[in-house]
Amino acid sequence: MKKVITPWSILSFLLKILLIVVFLFPFYWMITTGFKTYQEAIAYPPTLWPKEMQWGNFVKVWQSGPYLTYLLNSFLVSIGTLMIQFLVMVPASYAFAKFEFKGRGFFFAIVMVAFMVPQQVTFISIFTMMSRANLLKTLWPQIIPHAANAFGIFLLRQNFMQIPDELLESARLDNAGEFQILTKVMLPMGKPTLVSILMLSFISTWNDYFWPFIMASNQNVYPLTLGIDALRDVEGAFDWEIIMAGNVILVVPIIIVYALFHKRIVRAFAYSGIK
Amino acid sequence: MTDKSIARPAGYKTPWEKLRPYIYILPAMFFLALFTVYPVIDMVIRSFEKWNLVATPTWVGLDNYKYIFNRKEFIDAIWHTVTYAIFVVGLGLSLATLFAVWLSKSTFMNNLTRTVMFMPHVIALLSVAMVWAWIMNKNNGLLNLVLNFFGLPSLKWADSSDTAMMSIIIVALWKAIGYNTMLIYAAIQNVPAELYEAADLDNANSVKKFFKITLPMISPQMFMLLITATTGSFRVFDTVRVMTHGGPGTSTQVLVYYIYKQAFILNGKVGYAFAAAVVLMAMIGVLTLAYFRVLSKRVHYQ
């Protein structure tokens, strides 16, 4: 089919450019502000590109608090959550998908209820629980409350149910133990779904603000998000170039990962959102 | 392990085989009981108690509920939450539907636009709120410069009680719209092409095709999105915390922020926080139940 240029197609093209600018420019503005001096950041008219790259802003961010600790905490919490979710989710999804047992409906209903109860209503009870257990000065309150990923169990069960029973039966006839069936049959078949679930889990833990905001009681257990939040409290007047430089540290790794794997990430979100 | 070569009566299970699925679900059930079931029960019981996180709680019956429902601050918090949800969900879904239909053909430009629009969804809401707080800064913010460029007066955005809620809604829309668009786009891709071909034979125009074919066919996904977006809106906290701290005054104080404030900032108000949390959970629960009811009806009719 030949492309016909009509007024509408030109307008449509321009509107798309406008949309792209609206959604991309704030990121551009964050990054370039992060490289400006304070004077240049608030100057009128604003400059589109920093006159001189102020790498010192990042040094200032880094020295404003124990950033290495924040970064390490973010990694430990994100990876720890992901690993414990994996260990909890796989056997549970396997049992719900492939075994008949008394109370299966009841137990699965608990999973579905958990899926509906947001942490924004349960946080006070979990906070007092963690406080009584004397865990508030550790990373545990940021990890174990998310150990059972109800949504993940639901998605992985759906996926496991599609694996034919004959495959399991033939593996059993070959004298494969249950552990082997899990690692040789179920996991390879469920891998795409599992990778998607764990990727979403990593992104949401890495980005999380509310939960550590409630659970982290001192700087030693702050993740990166809380460290960056603290940049605002340093002085009365906001040093926007410093705040933006801090956000660059948090955001740029995710932007790079998104640029590289956007197809996979979008599919993971879109798939899990529809099912 | 049992020896598979020995023939057994069909359906016979060894005690171990009977026990096995329970062991598989045990870790999940343990964590769900500890971090979902227990907190919900604890929350409901404590909503009838007076407590300051330290001393022994005392039973006060419905006093906490009477207190919060008699205060303008709490009613306002519900109202702010609902206003926020109506705008973020209503505008968010209708604009996203428009974009999804407009960008539904898989061309380079359309794919690029959708991918770029989706990006805010994977970025921390904290950072999104901070960048927008900077862009909406009343003195040196970019947005006021743009307004001035078009001859419009500057706004105080998050710093005025007239525009603070609007500012938070704009940020929420900016973050959510690409995600909504992508989900609706994915739903549209699953509509069978034959339906459109049949409509083409009838010379149906594109507006008619949208309302007669596309919308009915994607309605299950739209409904799901409607519920998740609404319950998600009820949980708003990060943007409020970063951009306004619930202010100016209490003009952007939403329910979660109210709960947080009663529990952790104002001493001895934990009972009010629990009562407010029960109200919030009831709001989310009613919506979710409605969703499952409609969903199960739909399944029955098929």
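Residues numbered from 1 in each chain as written. Chains lettered and ligands numbered in written order. Predicted model: local features only at pLDDT ≥ 70, side-chain atom pairs only at ≥ 80, totals over all residues.

### Thoughts on the overall build of chain B
Point 1. Looking only at helices and strands, one finds 12 helices and two strands in chain B.
Point 2. For chain B, the sequential pattern of α-helices and β-strands runs α-β-β-α-α-α-α-α-α-α-α-α-α-α.
Point 3. Dimensions of chain B along its principal axes, counting C-alpha atoms only, are 85 × 75 × 35 Å.
Point 4. Counting only residues that meet the buried cut, chain B has 39% of its 302 residues in that class.
Point 5. Looking at chain B alone, contacts between residues at least 24 apart form 69% of all its contacts between residues at least 6 apart. (Helix = DSSP H or I, 4+ residues; strand = E, 2+ residues; numbered from the N terminus. Buried ≥ 20, exposed ≤ 12 C-beta atoms within 10 Å, placed from the backbone. Contact = placed C-beta atoms within 7 Å.)

### Notes on the interface of chain B and chain A
Point 1. At the junction of the two partners, chain B supplies 64 residues and chain A supplies 65 residues.
Point 2. For the side of chain B that touches chain A, the secondary-structure elements that each account for two or more residues are α1 (15–46), α4 (108–118), α5 (125–135), α6 (142–149), α7 (164–189), α11 (255–265) and α12 (270–301) of chain B.

### A short note on the domain arrangement of chain B
Residues and elements named next belong to chain B.
Point 1. Domains assigned within chain B are domain 1 (15–59) and domain 2 (68–301).
Point 2. Here domain 1 and domain 2 have C-alpha centroids that lie 32 Å from each other.
Point 3. The set of elements that each furnish at least two residues to the side of domain 1 that touches domain 2 consists of α1 and β1 (49–50).
Point 4. For the side of domain 1 that touches domain 2, the element with the most residues is α1, which contributes three residues.
Point 5. Considering only residue class, the side of domain 1 that touches domain 2 consists of four nonpolar, two polar and three charged. (Domains from an automatic or database assignment. Nonpolar A, V, L, I, M, F, W, Y, C, P; charged D, E, K, R; others polar.)

### As for α11(B)
Point 1. Burial analysis of α11(B) places nine of its 11 residues in the buried class, which makes it a mostly covered element.
Point 2. Restricting attention to buried positions, one finds in α11(B) the residues Leu255(B), Val256(B), Tyr257(B), Tyr258(B), Ile259(B), Tyr260(B), Lys261(B), Gln262(B) and Ala263(B).

### Digging into the nonpolar core
Point 1. Formed by 147 residues in total, the largest nonpolar core has its most connected members in Ala129(B), Ile259(B), Ala276(B), Ala277(B) and Leu280(B).
Point 2. With residues near it in sequence (within four places) discarded, Leu280(B) still touches Val121(A), Phe234(B), Leu255(B) and Ile259(B). (Core = buried A, V, L, I, M, F, W, Y, C linked by C-beta atoms within 7 Å.)

### Focus on the confidence of the model for chain B
All names here are of chain B.
Point 1. Taken as a whole, chain B shows an average pLDDT of 88; of its residues, 93% reach a score of 70 or greater.
Point 2. Within chain B, the lowest mean pLDDT, 81, falls on α12, and the highest, 95, falls on helix α3 (residues 72–102).
Point 3. Segment residues 1–5: pLDDT under 50, and five contacts once partners within four positions in sequence are set aside and those in other chains are kept.
Point 4. Both scores are available for the predicted complex, with the pTM at 0.89 and the ipTM at 0.89. (pLDDT = per-residue confidence, 0-100.)

### Considerations on the confidence of the model for chain A
Interpretation of the predicted coordinates at a detailed level should be avoided for regions scoring low in pLDDT.
Point 1. Averaged over all residues, the pLDDT of chain A equals 88, while 95% of them reach at least 70.
Point 2. In the model of chain A, helix α13 (residues 240–274) of chain A stands out as the element of lowest mean pLDDT, 82, in contrast to helix α7 (residues 140–143) of chain A, which has the highest, 96.

### As for unusual backbone geometry
Point 1. Of the consecutive residues Gly247(B) and Pro248(B), the connecting peptide bond is found in the cis state with omega at -5 degrees.
Point 2. One can find Pro248(B) in the loop between α10 (238–243) and α11.
Point 3. Phi at Asn134(A) takes a positive value of approximately 60 degrees, unusual for a residue other than glycine.
Point 4. Relative to the assigned elements, Asn134(A) resides in the loop between α6 (119–132) and α7.
Point 5. Of the residues examined, Asn134(A) has 8 C-beta atoms within 10 Å and is grouped as exposed.
Point 6. Not every positive phi belongs to a glycine, and Asn203(B) is a case in point at roughly 55 degrees.
Point 7. With respect to the helices and strands, Asn203(B) occurs in the loop between α8 (193–201) and α9 (206–234).

### Points about helix α1 (residues 7–33) of chain A
Residue and element names in this part refer to chain A.
Point 1. Taking 1.5 Å of rise per residue, 27 residues should cover 39 Å, and α1 covers 37 Å from first to last C-alpha, within 8% of that figure.
Point 2. Approximately 40 degrees is the largest bend angle found in α1, and it occurs at Leu24, with the proline Pro26 only one to four residues beyond.
Point 3. Lys16, Leu19, Phe23, Pro26, Phe27, Met30, Thr32 and Thr33 are the residues of α1 that are buried. (Expected span 1.5 Å × (residues − 1). Bend = angle between axes of the 7 residues up to and from the residue.)

### Re the environment of Trp157(B)
Residues and elements named next belong to chain B.
Point 1. Secondary-structure assignment places Trp157 in the loop between α6 and α7.
Point 2. A tally of 24 C-beta atoms within 10 Å means that Trp157 is categorised as buried.
Point 3. Separated by 97 residues in the primary sequence, Trp157 and Val60 place their C-alpha atoms 42 Å from one another.
Point 4. Non-local contacts of Trp157, meaning those with residues more than four positions away in its chain, are made with Met136, Lys138, Thr163 and Ser167.

### With respect to the domain arrangement of chain A
Point 1. Partitioning chain A into domains gives domain 1 (7–58) and domain 2 (64–233).
Point 2. Put simply, the middle of domain 1 of chain A and the middle of domain 2 of chain A, counted by C-alpha atoms, are 37 Å apart.

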